[in-house]
Amino acid sequence: MRVPSFVLSCVLGAVVVVAGQSPTDPKLLAELKQLFPSATSFSPKGGAPPHITAYVNGAGMQVAAGYAFWTTELEPLERGYHGPIKILVGMDRKGILAGVIVVENHEPYGNFSVEPPQFALQFKGKDIRDPFKVGRDVDAVSRASITIESATRAIRNSARRVARELLPPDAQK
């Protein structure tokens, strides 16, 4: 009876580690450092909505600098031309995007929509109160309008949701 209990404990422990996406994962940690280069540490993913908190040292203590979250967890129905687009978004505590990283996308006709660095770069420093309208304040890519519009909505909607839940009221205005 001890062996099945031990196996079950190991399996459940592995599920918790994978589900928690701990920032000890080297790839995730590198992405988080790309979004928050001055961060000294990161929390495990948790909370509602699910997020990772980036911390910096301030006055001898850890101070929250911002939040990272996946669009697919906050806007799961938002899909590109060929399925979901997994984007890691970083946002500071004032509602300004620290950046976005397209982690996973499956375009059937090539990587010309959200994969090029220009797509992600245009969101760095963007205020969540901006309109996020493709063709106005977000660059459009011909032949990829479904994916570009979907990714833009996912970034905007997930960032605004995190802001409503986690930012202080004066930062939401």
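Residues numbered from 1 in each chain as written. Predicted model: local features only at pLDDT ≥ 70, side-chain atom pairs only at ≥ 80, totals over all residues. Heavy atoms only, no water.

**Looking at the pairing of strand β3 (residues 61-70)**
Put simply, the rule is: The pairing criterion is simple: DSSP has to find at least two bridges between the two strands. Only runs of H or I of at least four residues qualify as helices and only runs of E of at least two qualify as strands under DSSP, and these elements are numbered from the N terminus.
In this structure, strand β2 (residues 52-58) lies alongside β3, joined through seven bridges in antiparallel fashion. By the bridge assignment for β3, N57 is matched with Q62. As consecutive antiparallel partners, β2 and β3 are separated by two residues, and within that stretch A59 has a phi angle of approximately 55°, a positive value. Relative to strand β6 (residues 86-92), β3 runs antiparallel, the two sharing five bridges.

**Observations concerning the sheet that holds strand β1 (residues 41-42)**
How we decide: Whether two residues touch is decided by their heavy atoms; if any such pair falls within 4.5 Å, the residues are in contact. Only the stretch in contact is used when fitting a helix axis, every axis being a line fitted to C-alpha atoms; angles between N-to-C directions are given from 0 to 180 degrees.
The strand order across the open sheet formed by five strands is β1-β2-β3-β6-β7, and the pairing between neighbours is antiparallel. Strands at the two margins of the open sheet, each flanked by one partner only, are β1 and β7 (97-104). With six bridges joining them, β6 and β7 adopt antiparallel strand pairing. Within the sheet, the bridge partner assigned to G90 lies in β7 and is G99. Docked against the sheet, helix α5 (residues 145-166) engages β3, β6 and β7, running at close to 40° with respect to β6.

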